[in-house]
Amino acid sequence: MTSRAEAIDPITRERLVCPQDHGPLLDAGDELYNPRLRVAYRIDEDGIPVMLADEARSVDEAEHARLADRG
């Protein structure tokens, strides 16, 4: 089964960056992850990334390690 991150159009995906530091994001299942700031941006059920800094989810050390290994 394809994750929401994998289902994003490749051209769109390559242009998506973190709205906070403008750096690249890692695909993390149903989220896009910024390992530098340790925040995750959800992808809604329609496949649209919610790239709002106020809605970013903080990631703890254990989850960061797991997500960083995937990237």
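Residues numbered from 1 in each chain as written. Predicted model: local features only at pLDDT ≥ 70, side-chain atom pairs only at ≥ 80, totals over all residues. Heavy atoms only, no water.

### Regarding the overall build of the protein chain
So, step 1. A tally of helices and strands in the protein chain yields three helices and four strands.
So, step 2. Listed by position from the N terminus, the elements making up the protein chain come as α-α-β-β-β-β-α.
So, step 3. Here the protein chain has a C-alpha radius of gyration of 11 Å; the compact-globule value for 71 residues is 11 Å, and the two agree.
So, step 4. By principal-axis analysis of the C-alpha atoms, the protein chain measures approximately 30 × 25 × 20 Å.
So, step 5. Within the protein chain, the fraction of its 71 residues that count as buried is 38%.
So, step 6. Pairs at least 24 residues apart make up 34% of the contacts formed inside the protein chain by residues separated by at least 6 positions.
So, step 7. With an accessible surface of roughly 4,600 Å², the protein chain has 50% of that area assigned to carbon and sulfur atoms.
So, step 8. Considering the protein chain, the positive charge centre built from 9 side chains and the negative charge centre built from 16 side chains are found 2 Å apart. (Helix = DSSP H or I, 4+ residues; strand = E, 2+ residues; numbered from the N terminus. Rg over C-alpha atoms; globule rule 2.2 N^0.38 Å. Buried < 20%, exposed > 50% of the residue type's maximum accessible area, 1.4 Å probe, protein only. Contact = heavy atoms within 4.5 Å. Areas by Shrake-Rupley, 256 points an atom, 1.4 Å probe, with all protein chains shown as cover. Lys, Arg positive; Asp, Glu negative; His and termini not counted. Charge placed at Lys NZ, Arg CZ, Asp CG, Glu CD.)

### Comments concerning the sheet that holds strand β3 (residues 39-42)
So, step 1. If you trace the four strands from one edge of the open sheet to the other, you get β1-β2-β3-β4, paired in antiparallel fashion. The open sheet has two edge strands with one neighbour each: β1 (26-28) and β4 (57-58).
So, step 2. When β1 meets strand β2 (residues 31-34), the two strands line up antiparallel, connected through three bridges. For D27, the partnering residue across the bridge sits in β2 and is L32.
So, step 3. The strands touched by helix α3 (residues 61-70) within the sheet are β1, β2 and β4, with β1 carrying the most contacts at an inclination of about 115 degrees. (Pairing = 2+ DSSP bridges. Axes fitted to C-alpha atoms, helices over the stretch in contact; angles between N-to-C directions.)

### Some remarks on the side chain of N34
So, step 1. Mapping N34 onto the fold places it in strand β2.
So, step 2. Engagement of the side chain of N34 in a polar contact is seen with the side chain of D21, the distance being 3.2 Å.
So, step 3. In this structure, N34 is in contact with C18, D21, L25 and V39, ignoring residues within four places of it in sequence. (Polar contact = N/O pair within 3.5 Å; in protein donor to acceptor, adjacent residues only side chain to side chain.)

### Quick word on the pairing of β2
Looking along a regular strand, one sees side chains alternate from face to face of the sheet.
So, step 1. Residue alternation in β2 divides its side chains into two sets, E31 and Y33 and L32 and N34, and both sets are buried.
So, step 2. Between β1 and β2, which follow one another and run antiparallel, lie two residues, and G29 among them has a positive phi close to 70 degrees.
So, step 3. Across four bridges, the pairing between β2 and β3 is antiparallel. By the bridge assignment for β3, L32 is matched with Y41.

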